[in-house]
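Here is how the chains run, residue by residue.
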Amino acid sequence: MGKERDNQERAMKLIILDRDGVINHDSPDFIKSPAEWIPIPGSLEAIARLNQAGYRVVVATNQSGIARGLFDITTLNAIHAKLHAAAQLVGADIDAIFFCPHAAIDACDCRKPKSGMFEEIGKRFKVNLKGVPTVGDSLRDLQAGFNRGCTPYLVLTGKGEKTKATGGLPPGTQVFPDLAAMVTAFLKPGSATSAPSGTTGAQPA
Ligand SMILES: [Mg+2]
Ligand SMILES: [Zn+2]
């Protein structure tokens, strides 16, 4: 029990990722089928490295293509089955995929930049989201997480270059070329971005 005395809030290492443009290539025409879901090179391996470092990886993704009638939940499930299978091939595990099926006109609480999915993740995993890293390629991804206390990371894949050029990022946003580079920096021992994991500090008697 002693060694767990300070770990109530830090017990779970969690990271929240956007899907399109972060894990897989995005498309202006939406990802409407498993065939259109193509991973960005290195992204699944990066998730595996997070897992190996003790992180549980969760996805939060806007999928308004459902509200628009471009694909249905069954197809979305098939896309995510492909995602999970491709991840497993490289030893990566994604704990859960939270998605918003609505369009902007539905005025739901889950469509990013609203924070509903992040709140659900916090509840489901019983974790305080303060300081939890979140990675996205669009401003709304970062806003949704930032508003719940997450630490924002922008990747330049997907819409990321355009997002960076437009500016207005939440304060403290760190920018990386892609998820693989973000994870490399994040997991680097002693890096400002990495979570403390017993490197220094008081030792229990
Ligand atoms: Mg995206
Ligand atoms: Zn929604």
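Just so it is clear, the model here is predicted, and its values are computed rather than measured.

Draft legend 1. Geometry of the packing of helix H1 (residues 43–52) against helix H6 (residues 179–187). Packing of H1 against H6 brings their axes to within 8 Å, and their N-to-C directions diverge by 20 degrees. On the basis of the axis angle, H1 is roughly parallel to H6. Regarding H1 and H6, the two cross each other, and that crossing is left-handed. Where H1 approaches H6, its residues Ser43, Glu45, Ala46, Arg49 and Leu50 are matched on the opposing element by Leu179, Ala180, Val183 and Leu187. Looking at side-chain class alone, the contact of H1 with H6 contains six nonpolar, one polar and two charged residues.

Draft legend 2. How the structure looks around the sheet that holds strand E4 (residues 133–136). Read from one edge to the other, the open sheet built from six strands follows the order E3-E2-E1-E4-E5-E6, with strand pairing classed as parallel. The open sheet is flanked by strand E3 (94–100) and strand E6 (174–176), the only strands paired with a single partner. Taking the axes of each pair of neighbouring strands and ignoring which way they run, one obtains an average angle of 25 degrees across the sheet. Strand direction decides the pairing type here: E4 and strand E5 (residues 151–155), joined by four bridges, are parallel. Residue Val135 lies in a different strand from E5, and its bridge partner there is Tyr153. Here H1 sits on the sheet and contacts strand E1 (13–17), strand E2 (55–62) and E3; the angle it forms with E2, its principal contact strand, is near 135 degrees. Where helix H3 (residues 116–125) meets the sheet, it contacts E1, E2 and E3, and its direction lies at approximately 145 degrees from that of E3.

Cut-offs applied
- Residues numbered from 1 in each chain as written.
- Chains lettered and ligands numbered in written order.
- Predicted model: local features only at pLDDT ≥ 70, side-chain atom pairs only at ≥ 80, totals over all residues.
- Axes fitted to C-alpha atoms, helices over the stretch in contact; angles between N-to-C directions.
- Helix = DSSP H or I, 4+ residues; strand = E, 2+ residues; numbered from the N terminus.
- Parallel < 35°, antiparallel > 145°, perpendicular 65-115°, else oblique.
- Left-handed = near helix turned anticlockwise from the far one by under 90°.
- Contact = placed C-beta atoms within 7 Å.
- Nonpolar A, V, L, I, M, F, W, Y, C, P; charged D, E, K, R; others polar.
- Pairing = 2+ DSSP bridges.

Shape is all these values report; function is a separate question.
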